[in-house]
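Reading the structure
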2 protein chains.
Amino acid sequence: MITLEDVAARAGVSRATVSRVVNGDTNVRAQTRLIVETAVAELGYSPNPAARALASSQSNTLGLVTTNYRGGFFGALMDTVQSETELHGMQLLVTQGRSSAENELGAIQRLYNLRCDGLVLHIRALEDEALLKLAEQGRKFVVLDREVAGLEDRCVVFDHRSASELATQVFINGGHTRIACLHGPTSRASSLLRRQGFLDAMHNAGLEPVATLEGDYDMPSGHQQTTLLLQEARPTAIYCCNEEMALGAMLAINERGLRIPQDISLICYDSGERAPFVRPALTSVHFPISEMARYATRKLLNEHCEKESFLPQIVHRDSVRGNQ
Amino acid sequence: MITLEDVAARAGVSRATVSRVVNGDTNVRAQTRLIVETAVAELGYSPNPAARALASSQSNTLGLVTTNYRGGFFGALMDTVQSETELHGMQLLVTQGRSSAENELGAIQRLYNLRCDGLVLHIRALEDEALLKLAEQGRKFVVLDREVAGLEDRCVVFDHRSASELATQVFINGGHTRIACLHGPTSRASSLLRRQGFLDAMHNAGLEPVATLEGDYDMPSGHQQTTLLLQEARPTAIYCCNEEMALGAMLAINERGLRIPQDISLICYDSGERAPFVRPALTSVHFPISEMARYATRKLLNEHCEKESFLPQIVHRDSVRGNQ
DNA sequence: GTGAAAGCGCTAACAG
DNA sequence: CTGTTAGCGCTTTCAC
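Calculation notes
Counting starts from 1 at the beginning of each chain's written sequence and moves along it residue by residue. As they are written, the chains are lettered A onward and the ligands numbered 1 onward, keeping that order. It should be noted that, the model being predicted, local features are given only for residues of pLDDT at least 70 and side-chain atom pairs only at 80 or more, the latter also being counted only at that level, while totals for whole chains, interfaces and linings use all residues. Water and hydrogen atoms play no part in the side-chain values, which are based on all heavy atoms of the structure. Strand pairing requires that DSSP identify at least two bridges connecting the strands. Helix and strand assignments come from DSSP, with helices taken as H or I runs of at least 4 residues and strands as E runs of at least 2, each series counted from the N terminus. Every axis in this analysis is a line fitted to C-alpha atoms, fitted for helices over the stretch in contact. Angles between the N-to-C directions lie between 0 and 180 degrees. Put simply, a crossing is left-handed when the front helix is turned counterclockwise from the back one by less than a right angle, and right-handed when it is turned clockwise. Contacts between residues were defined by any pair of non-hydrogen atoms, one from each residue, lying within 4.5 Å. Charged residues are taken to be Asp, Glu, Lys and Arg, nonpolar residues to be Ala, Val, Leu, Ile, Met, Phe, Trp, Tyr, Cys and Pro, and polar residues to be all remaining types, Gly included. We superpose the copies by least squares over the C-alpha atoms of residues that have a pLDDT of at least 70 in both of them. Put simply, a residue is near a molecule or strand once any heavy atom of it comes within 4 Å of that molecule or strand. Two N or O atoms count as a polar contact when they lie within 3.5 Å, although within protein this holds only if one can serve as hydrogen donor and the other as acceptor, and sequence-adjacent residues are included solely when both atoms are side-chain atoms. Note on definitions: salt bridges are taken to be side-chain nitrogens of Lys or Arg within 4 Å of carboxyl oxygens of Asp or Glu. Buried, partly exposed and exposed residues are distinguished by accessible area as a fraction of the type maximum, computed with a 1.4 Å probe on protein chains only: under 20%, between the cut-offs, and over 50%, respectively. Here the quantity called buried area is the accessible surface, traced with a 1.4 Å probe, that two parts lose on coming together, added over both. Oblique is the label for any angle not under 35 degrees, not over 145, and not in the 65 to 115 range, which are roughly parallel, roughly antiparallel and roughly perpendicular in turn.

Looking at the sheet that holds strand β3 (residues 118–122) of chain B
Residues and elements named next belong to chain B.
- The strand order across the open sheet formed by five strands is β2-β1-β3-β4-β5, and the pairing between neighbours is parallel. If you trace the sheet from one side to the other, it starts and ends with β2 (91–96) and β5 (155–156), each paired once.
- Pairing between strand β1 (residues 61–66) and β3: five bridges, direction parallel. Looking across to β3, one finds that Thr66 is bridged to His122.

Listed below in structure tokens is the structure:
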């Protein structure tokens, strides 16, 4: 392995100087810099991260902990956070919390033991107090898509309630009155918010929901709940709080011999993975997880980045009937 | 930060001894071990990976490079490789090759520069020669789901041809004669193999394919190709070379007012993400990527693990009509 | 603008 | 079985 020493010898300078040019220190004469740079190139030198980390007591590593790796927008999330991390010349370590507070905390501890310089947390199970305690210990982290009281400045949030309200409003504006909502587990704060947005919009329009059904954010539960719904009621519009459940709902609607949007209109929460690709393409309310993840990573790396807020937006596609 | 030194002082032993117990060296008296262990626990000591890596010139890190992070079975792949890596007390670094030879090589180099002890490569674009050259340079890696001539012992492979043959055979045994195949890009070796298996089975049965169509392994292309197919021909069975295209095919079939399996039977290549969850659940030929990934990781870590081979298996579900 | 020197926290011989 | 002693390759004062 080529070391700093080798490069220094080749260039006829000291190790300190090589270190300076490699790290972009400006206090080096242009000529010296050039000599060193050629030596680096000729030798194919690449700094040893372990030595660097040891000497500087910075690992140059960020950590990402998510609930799980499967489905949903995990790929997009990881992609975004990693791109941003690499843009800063750092590397990313990723771990999953496997949907339990215990595992999530374990993952976090592991990452800190690995000396990560900071963590992006996209977790659901771990309680606020644990996060608060971590902050007290001086740990550096940001929380993605979750509001923690007392940690507002570390949280990158999205207003799920008004996003849902907006989505529901599309139906209402289109003249729909018999509207159902298929939401996620009531054990999750963001599910509750999404449902609330729906209820608020209905209430403000003086409308009674045909039904509010609870699913698991997966396709089978979307299919099952919608099947039950269609047996008992005759909604003209269904609002699905994520894409997977919307796929399940589509299946159930098709099986029943009903058509979208002629018989039933559909809007879903959009992570951009599915909604544009099914037929009919689903009208949705966009959840800008990538943008949020990018901002979260920047925030972690750079204390003073200007505050951004993320507003829900409707993406009109082909699954809604009515005078939009 | 608590160091070895601190623990040594607390326990009244030398640093070397602490290092031994932390690393599970057996040459330590039980009593000494106990004292050290309590000191570790009381102080909350956790070894500094950078220092460790520097001193031992092993990073304790494995790398995984994949084509991309989105869809397909990436989540399962990453999950499996990481679990196996952590089982060995190591950590995993993941990068994507973004489907170009250049990027894939870049990702590999980056990971080696980061001093990864070994790499799991699940890549498509990079040419065999580049891989051969890497091997010559003494780089440690295994190749997942790809056969590289001259590197057979580092490759974990699956017989895509016979998997496809097996799948097609299910249709044939069921009495189908008008069978079409929707395969992936012919630029990819494994796509070609999957198509070949289909053609072989048809040929052996003395049957002429209704059509062989090329898609992009994504849902829109599955939808599009199937739509075209149904305009021009009337197959009773379609074999789809991945799940996403099968979803697209299902949509097209539904749109045409046809039913699965009454009018058209469907079988797909199965990565386990989708096929079991749609309605009707899709009969498929299982591609055991998780098992293969686990084996690949073990192989990377342990030179002498017994050879495993992975055989295609049919998972019967509800999308095939006929006397199976 | 550049060099000398002192570690960063750990592992790995080598003694004893 | 345990301690001593060198480094691992780099960053970082502090002089010059």
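That shown, we press on.
Considerations on the packing of helix α5 (residues 74–87) of chain A against helix α12 (residues 289–301) of chain A
All names here are of chain A.
- Two elements in contact, α5 and α12, have axes separated by 9 Å at closest approach and are oriented at 35°. Both α5 and α12 take part in a crossing whose hand is right-handed. Only Ile289, Ser290, Ala293, Arg294, Thr297, Arg298 and Leu301 of α12 make contact with α5, whose side of the interface consists of Ala76, Leu77, Thr80, Val81, Glu84 and Thr85.
- Residues that form the contact of α5 with α12 fall into these classes: six nonpolar, four polar and three charged.

So, the relation of the copies chain A and chain B
- It takes a turn of 180° to lay chain A on chain B, together with a shift of 0.1 Å along the axis; the resulting RMSD is 0.1 Å. What the superposition gives is, in effect, a two-fold axis relating one chain to the other. Looking at the rotation axis and the C-alpha trace of chain A, the residue lying nearest is Ala50 of chain A, at 2.2 Å.
- The residues that chain A uses at the interface reappear at the interface of chain B in 100% of cases, marking a shared surface.

A word on the protein's contact with DNA strand D
- With respect to spatial proximity, 26 residues lie near DNA strand D, and among them Leu4, Arg15 and Tyr45 of chain A together with Arg20 and Thr32 of chain B are the closest.
- For DNA strand D, the backbone makes up 58% of the atoms found within 4 Å of the protein, where backbone means sugar plus phosphate.
- Within the side chain of Asn23 of chain A, one N or O atom sits 3.1 Å away from a phosphate oxygen of DNA strand D.
- Between DNA strand D and Asn48 of chain A, the relevant distance is 3.2 Å, taken from a phosphate oxygen to a main-chain nitrogen or oxygen of the residue.
- Mapped by element, the contributors of at least two residues to the surface near DNA strand D are α2 (15–22) and α4 (49–56) of chain A together with α2 (15–22) and α4 (49–56) of chain B.

Quick look at the pattern of salt bridges
- Per the counting criterion, the structure on display carries 26 salt bridges over all chains.
- Of the charged contacts, one joins Arg110 of chain B and Glu86 of chain A as a salt bridge, the two residues approaching to 3.0 Å between their closest N and O atoms. Of this pair, Arg110 of chain B sits in helix α6 (residues 101–113) while Glu86 of chain A sits in helix α5, each in a different chain.
- The class for Arg110 of chain B is partly exposed, based on a relative accessible area of 33%.
- By relative accessible area, which is 31% here, Glu86 of chain A ends up partly exposed.
- A salt bridge links Arg259 of chain A to Asp263 of chain A; its shortest N-O distance comes to 3.3 Å.
- For Arg259 of chain A, a relative accessible area of 48% gives the class partly exposed.
- What emerges from the salt-bridge pattern is a single network uniting Arg70 and Arg98 of chain A together with Asp79 of chain B.

Regarding the environment of Ser100 of chain B
- With respect to the secondary-structure elements, Ser100 of chain B resides in the loop between β2 and α6.
- With relative accessibility at 22%, the residue Ser100 of chain B sits in the partly exposed group.

Re the interface of chain A and chain B
- Tallying the contact residues gives 43 residues for chain A and 43 residues for chain B.
- Across the interface of chain A and chain B, roughly 3,700 Å² is buried in total on both sides, 53% from carbon and sulfur atoms.
- At the junction of chain A and chain B, the tally comes to eight salt bridges.
- Residues Arg274 of chain A and Glu244 of chain B are paired through a salt bridge, measuring 3.0 Å at the closest nitrogen-oxygen approach.
- Taken together, chain A and chain B are joined by 20 residue pairs in polar contact (both at pLDDT 80 or more).
- Going through the elements one at a time, α4, α5, β2 (91–96), α6 (101–113), α10 (219–232) and α11 (243–255) of chain A are the ones with two or more residues in the side of chain A that touches chain B.
- Sorting elements by how many residues they give to the side of chain A that touches chain B places α5 of chain A first, with eight residues.
- In terms of residue class, the side of chain A that touches chain B is built from 21 nonpolar, eleven polar and eleven charged.

Examining the packing of α4 of chain A against α4 of chain B
- Where α4 of chain A contacts α4 of chain B, the two axes come as close as 8 Å, and the packing angle between them is 130°. Classified by the angle their axes make, α4 of chain A and α4 of chain B are oblique. Seen from above, α4 of chain A lies across α4 of chain B with left-handed handedness. For the pair formed by α4 of chain A and α4 of chain B, the contact residues are Ala50, Ala51, Ala53 and Leu54 of chain A on the first element and Ala50, Ala51, Ala53 and Leu54 of chain B on the second.
- In terms of residue class, the contact of α4 of chain A with α4 of chain B is made up of eight nonpolar, no polar and no charged.

What about the protein's contact with DNA strand C?
- Taken together, 26 residues are adjacent to DNA strand C, and Arg20 and Thr32 of chain A together with Leu4, Arg15 and Tyr45 of chain B come closest.
- Among atoms of DNA strand C positioned within 4 Å of the protein, sugar and phosphate together represent 59%.
- Arg29 of chain A is positioned with one of its backbone polar atoms (N or O) 2.7 Å from a phosphate oxygen of DNA strand C.
- Take Arg52 of chain B: an N or O atom from its side chain is 2.8 Å from a phosphate oxygen of DNA strand C.
- Breaking the surface near DNA strand C down by element, the ones donating at least two residues are α2 and α4 of chain A together with α2 and α4 of chain B.
- Here the surface near DNA strand C is composed, by residue class, of eleven nonpolar, nine polar and six charged.

Structural notes on the sheet that holds strand β9 (residues 265–270) of chain B
Residues and elements named next belong to chain B.
- Overall, mixed pairing links the six strands, which are arranged β7-β6-β8-β9-β10-β11 in an open sheet. Here the strands that pair on one side only, and so sit at the sheet edges, are β7 (211–214) and β11 (313–315). The average angle at which neighbouring strand axes cross in this sheet is 20°, direction not considered.
- The pairing of strand β10 (residues 283–286) with β11 spans three bridges and is antiparallel. Each residue of the ladder has a partner; that of Ser284, found in β11, is Val315.

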